[in-house]
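# Close look at the chain arrangement
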Amino acid sequence: MQMEAQRRLQIISGHLVPHGASRPDVLALQRLLDHDNLELRARMKDFFKDELYVPRYDMDLRYSRELALQRLAKFCRAGFVSVTDFRLSPLKIFAAHEAAALADPSMATKMTVQFNLFGGTVLKLGTARHHQGLLRGIDNMDDIGCFALTELGFGNNAVEMQTTATWEPSSGCFIIHSPTTLSQKYWITNSAVHAQWCVVFAQLLMGGKNQGIHGFLVRIRNDDMTPCKGVTIYDMGHKIGCNGVDNGQLSFKQYAVPREALLNAFSEVAADGSFSSSIPKARDRFLKVADQLLSGRICIASMMQSVSKLSLTIAMRYAGSRLAVGRTGHSDTPILDYQLQQRALLPLLARTVALQIGLNYVKDRWAAASGFDGKAVDPKVGLEVVVLCCAIKPLCAWNAETCATTSRERCGGQGYLSVNRFGELIGFAHAGMTAEGDNRCAGWLLVWESLC
């Protein structure tokens with residue numbers, strides 16, 4: 001087996017190095033592409049050799065979801081990353097996404113919601129009253145959360161969402177309500193089965209005045225995992241991919257939550273019902289509360305790069321070992337010798353390398369201007385980060401879909417077998433193309449931000 005692997009690698013490398021040129025330093029190339037947390041990445045990849053992470057197929061929906069949850073819980077409890085790394089070492093979070101996506105796309109998707117969208121939002125928009133006790137539960141999966149921003153009728157226009165959080169002076173509570181069918185929270189990862197908590201975004205109504213969209217830390221399930229009274233949860237069912245992810249729809253009927261549920265790092269409602277905010281304009285408050293979508297796009301780009309790398313690795317290894325008819329008339333020539341195979345795969349390999357270098361740059365720029373350290377961000381730098389995040393996610397997601405589809409085709413009938421993973425990778429790539437902002441809408445936002 002080892003000799004066969006070496007033979008295949010020699011064949012592949014012979015096509016990547018010009019005749020007479022010295023062999024590249026493979027470790028140096030790996031360090032360039034991995035960019036950061038090299039030792040951590042190696043430990044995570046070694047961890048995923050555990051039997052629990054062996055790919056499995058032909059599973060029913062319930063088992064798929066429980067397997068993804070078990071895998072994520074075991075990974076989280078190994079202590080590789082923490083939600084507080086967004087403050088201390090954010091590149092560790094992105095590295096974990098790249099590693100997890102190699103093992104299980106569904107697990108990685110659940111992780112990006114638990115750590116980035118849910119956990120990152122609680123960390124950034126919340127204060128000590130939200131952090132105490134909950135951050136540890138986020139890290140070890142004792143407290144599973146979801147992120148309810150998108151509504152059925154308001155996808156790329158979330159600022160117009162209809163869900164309301166109305167201050168009720170008599171009870172000292174906020175009343176969260178979904179007034180229409182279109183206002184139900186939609187495609188909410190982790191909500192259908194596993195989440196106990198949810199960051200719910202709603203229009204904050206104070207004495208008849210709309211103070212803009214704010215985030216609320218809301219309990220949606222009881223200790224026995226039944227929905228809380230006033231919360232309705234629908235299971236969105238089977239999908240074309242990532243069926244280990246439990247996507248759901250959420251709606252609220254006059255659901256009372258305590259005043260302390262408001263994530264109050266930038267806005268506060270005092271016990272007497274007075275409202276204050278360090279952000280004067282309601283529109284700007286929305287941009288602040290939705291800030292984790294930027295790092296979310298980096299998380300998705302990181303996972304999409306893993307799709308591209310894994311697809312090309314499988315296809316290149318197969319091309320180095322699959323023998324077809326050669327000049328002798330016998331089946332003695334690796335199909336990688338064929339120009340058809342080279343012209344299909346090698347440009348994608350080059351593009352994936354280039355995108356990884358670009359993604360590494362975006363990670364660094366975002367980390368320097370994340371705002372988690374409490375320091376003010378230069379508006380010009382902030383705009384650059386928005387543009388970069390809106391650009392890199394679509395590029396990586398489209399490339400992932402092309403790499404997965406082309407690699408499947410170049411592996412012929414073998415690529416059509418589930419065991420060779422292309423089915424789950426193609427499904428994952430399609431999820432990445434629309435998650436955290438549809439690719440083409442993100443491109444439109446990129447143009448808008450650049451021109452305005």
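Above this text sits the structure in question.
Parameters at a glance
- Residues numbered from 1 in each chain as written.
- Predicted model: local features only at pLDDT ≥ 70, side-chain atom pairs only at ≥ 80, totals over all residues.
- Heavy atoms only, no water.
- Pairing = 2+ DSSP bridges.
- Helix = DSSP H or I, 4+ residues; strand = E, 2+ residues; numbered from the N terminus.
- Axes fitted to C-alpha atoms, helices over the stretch in contact; angles between N-to-C directions.
- Contact = heavy atoms within 4.5 Å.
- Patch = residues over 30% accessible without salt bridge, like charges linked within 9 Å, V, L, I, M, F, W, Y side chains within 5 Å.
- Areas by Shrake-Rupley, 256 points an atom, 1.4 Å probe, with all protein chains shown as cover.
- Salt bridge = Lys/Arg side-chain N within 4 Å of Asp/Glu carboxyl O.
- Buried < 20%, exposed > 50% of the residue type's maximum accessible area, 1.4 Å probe, protein only.
- Phe/Tyr/Trp six-rings, centres within 6.5 Å; stacked < 30°, edge-to-face > 60°.
- Lys NZ or Arg CZ within 6 Å of the ring centre and 35° of its normal.
- Parallel < 35°, antiparallel > 145°, perpendicular 65-115°, else oblique.
- Left-handed = near helix turned anticlockwise from the far one by under 90°.
- Nonpolar A, V, L, I, M, F, W, Y, C, P; charged D, E, K, R; others polar.

## A closer look at the sheet that holds strand β8 (residues 247-252)
The strand order β4-β8-β7 describes an open sheet built from three strands, whose pairing is antiparallel. Single-partner strands in this sheet number two, and they are β4 (185-189) and β7 (231-235). Here the strands of the sheet are splayed against their neighbours by 35° on average, with no regard to which way each runs. Note: β7 against β8, five bridges, orientation antiparallel. By the bridge assignment, Ile233 is partnered in β8 with Leu250.

## Description of the environment of Arg221
Tracing the sequence through the fold places Arg221 in the loop between β6 (209-219) and β7. In sequence terms Arg221 and Leu135 are 86 residues apart; their C-alpha atoms lie 18 Å from each other. Contact partners of Arg221, with chain neighbours within four places excluded, come to Ser191, Ala192, Val193, His194, Ala195, Gln196, Thr226, Pro227, Cys228 and Ile233.

## Details of a nonpolar patch on the surface
Taken together, Leu29, Leu32 and Ile357 make up a surface patch of nonpolar side chains, about 260 Å² in accessible area. With respect to the helices and strands, the residue Ile357 is situated in helix α12 (residues 339-368).

## A few points about the pairing of β6
Extensive coverage of β6 is indicated by the burial of eight of its 11 residues. Pairing of strand β5 (residues 197-206) with β6, which is carried by nine bridges, proceeds in the antiparallel orientation. Bridge pairing links Leu205 to Asn210 in β6. Linking β5 back to β6 in an antiparallel pair, the connection comprises two residues, with Gly207 at a positive phi of about 60°.

## Topic: the packing of aromatic side chains
The relative placement of two aromatic rings is captured by the distance of their centres and the angle of their planes. Per the counting criterion, the structure on display carries 16 aromatic pairs. Consider the rings of Phe94 and Trp366, whose centres lie 5.5 Å apart with planes at 75°: the pair is edge-to-face. Of this pair, Phe94 sits in helix α6 (residues 90-103) while Trp366 is found in helix α12, placing the two residues 272 residues apart along the sequence. In this structure, Phe94 and Trp366 share a single accessibility class: buried. Linked through ring pairs, Phe47, Phe48, Tyr53, Phe75 and Phe80 together constitute an aromatic cluster. Between the NZ or CZ atom of Lys124 and the centre of the ring of Phe372, over which it lies, the distance is 4.8 Å. Taking the ring centre of Trp197 as reference, the NZ or CZ of Arg219 above it sits at 5.3 Å.

## What to know about the pairing of strand β2 (residues 164-168)
The pairing of β2 with strand β3 (residues 173-177) spans five bridges and is classified as antiparallel. Each residue of the ladder has a partner; that of Glu168, found in β3, is Cys173. Adjacent in sequence and paired antiparallel, β2 and β3 are bridged by four residues, among which Gly172 carries a positive phi angle near 70°. Of the strand pairs in this sheet, β2 and β5 are connected by three bridges, and their pairing is parallel. Bridge pairing links Thr164 to Gln203 in β5.

## Focus: the packing of helix α3 (residues 38-47) against α6
At a minimum axis distance of 10 Å, the contact between α3 and α6 shows a crossing angle of 30°. Judged on the interaxial angle alone, α6 and α3 are roughly parallel. The two elements α3 and α6 cross, and the hand of that crossing is right-handed. Judged by residue contacts, Leu40, Arg41, Met44 and Lys45 of α3 engage Lys92, Ala95, Ala96, Glu98, Ala99 and Leu102 from α6. When the residues that make up the contact of α3 with α6 are grouped by side-chain class, the tally is six nonpolar, no polar and four charged.

## A word on the pattern of salt bridges
Under the definition given, this model contains 19 salt bridges. For Lys363, the salt bridge is made with Glu98, and the minimal N-O distance between the two is 2.4 Å. Here the residue Lys363 occupies a position in helix α12, and Glu98 occupies one in helix α6, the gap between them amounting to 265 residues. By relative accessible area, Glu98 is classed as buried at 3%. The partner of Arg410 in a salt bridge is Glu409, with the nearest N and O atoms 3.4 Å apart. Taking relative accessible area as the criterion, Glu409 reaches 45% and is therefore assigned partly exposed. One network of salt bridges, in which partners are shared, links Asp36, Arg41, Glu98, Lys309 and Lys363.

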